[in-house]
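Observations on the three-dimensional arrangement
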Amino acid sequence: MNSSPVLNGKHAVLFGAAGTIGAAVAKEFAAAGAEVFLSGRTKSSVEGVAKHITANGGRAHSAVVDTLDDGAVNQYISSIVKEAGTIDIILDVSGPLAKEYGNGKMAVDLPIEEFMVPVETMVRSRFITARSAARQMIRQQAGVIIFVTGSPARPHVPGATGIGAAFSAIENLTQNLAFEVSPFGVRVVCVRTLANIDSRSIQDTMGFLANHLHITKDQAMAQIAQSNFLKVPATVQDTANAAVLVASDRARMMTGTVINATAGAALD
């Protein structure tokens, strides 16, 4: 049995690495043996994640990159290839704050501008970063592109119209991109998660819903756990663990698919 870390020797690129989910995935990738290249919008935040990783014996690099800028992303990817030689894994979890896309608002009360925010930021970002990485991965005949969505991709809760539309688009992008690049040895997989109760977006959303429903934030959080078959809350660590599995060679036959990690909350 091979006892070496499952991502040993891999070069992993993470966009949105300073967020709660991005940071958790970055730390888990590094713990699994990958050399991680982290980027985000705030230099100090990204550097903080990188310093945590290096202090624990990992290898991490930090940068500030605007994932909505195609030229900046291409330049960043090229610089990593020049330094590391290959890009084996890419994951983009950058995105707006929950309040910016009206999470928790019913569709009839949701302004068009807020509805469009996840589409104009998250979907655009995922396409830009995945396309840039795919071009390099096709040249090297290997690589894994990982997308992350949430349970609203399969509507099961009210107030998630905007983010649900974006998640559904990203899951469709997973399948279309995989169809095109998989013959070149490049895998594309999406991890659909249940609301991670310790993520910033869910913390913000639950605060809003608690005020709207006149309940406490803890009560709102408890309702999340009751929405799935296991009756337990999901955390950013659960998402990070799933991402490591998908990124590893143990999932080498997975491509063009959505890994449903919602504990039954959002069935296919």
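Quick caveat, the model's predicted, so the values are computed rather than measured.

What the protein contains, in helices and strands, is 8 helices and 7 strands. Across its three principal directions, the C-alpha atoms of the protein cover 55 × 35 × 35 Å. In the protein, buried positions account for 49% of the 268 residues. Excluding contacts between residues fewer than 6 apart, the proportion of contacts in the protein whose partners are at least 24 apart in sequence is 73%. Counting every atom, the protein has about 12,600 Å² of accessible surface; 55% of that belongs to carbon and sulfur. Positive and negative charge centroids in the protein, built from 22 and 22 side chains respectively, lie 4 Å apart.

On to the sheet that holds strand S4 (residues 89–92), then. Reading across the sheet, the 7 strands line up as S3-S2-S1-S4-S5-S6-S7 and stay open at both edges, with parallel pairing between neighbours. The open sheet terminates on both sides in strands that have one partner only, identified here as strand S3 (59–64) and strand S7 (257–261). With strand direction ignored, the average angle separating the axes of adjacent strands in the sheet is 20 degrees. Relative to S4, strand S1 (residues 11–15) runs parallel, the two sharing 4 bridges. Residue pairing across strands places Val13 opposite Ile90, the latter belonging to S4. Sheet strands in contact with helix H1 (residues 20–31) are S1, strand S2 (35–40), S4 and strand S5 (143–150), and its direction is about 175 degrees off that of S1. Against the sheet, helix H2 (residues 43–55) contacts S2 and S3, and its axis sits at roughly 175 degrees relative to S3.

Let's shift gears to the pairing of strand S6 (residues 186–193). Of all 8 residues in S6, 8 are buried; the element is thus mostly enclosed. Covered by surrounding structure in S6 are Val186, Val188, Cys190 and Arg192 together with Arg187, Val189, Val191 and Thr193, the residues of both alternating faces. In this structure, S5 lies alongside S6, joined through 8 bridges in parallel fashion. Residue pairing in the sheet places Val144 in a bridge with Arg187 of S6. With helix H5 (residues 161–181) bridging S5 and the parallel S6, this β-α-β connection has right-handed handedness. Sheet analysis places S6 next to S7, joined by 5 bridges and oriented parallel. Considered in S7, the bridge of Arg192 is made with Asn260.

Rules and cut-offs
- Residues numbered from 1 in each chain as written.
- Predicted model: local features only at pLDDT ≥ 70, side-chain atom pairs only at ≥ 80, totals over all residues.
- Heavy atoms only, no water.
- Helix = DSSP H or I, 4+ residues; strand = E, 2+ residues; numbered from the N terminus.
- Buried < 20%, exposed > 50% of the residue type's maximum accessible area, 1.4 Å probe, protein only.
- Contact = heavy atoms within 4.5 Å.
- Areas by Shrake-Rupley, 256 points an atom, 1.4 Å probe, with all protein chains shown as cover.
- Lys, Arg positive; Asp, Glu negative; His and termini not counted.
- Charge placed at Lys NZ, Arg CZ, Asp CG, Glu CD.
- Pairing = 2+ DSSP bridges.
- Axes fitted to C-alpha atoms, helices over the stretch in contact; angles between N-to-C directions.
- Right-handed = clockwise from strand over helix to strand, strands pointing away.

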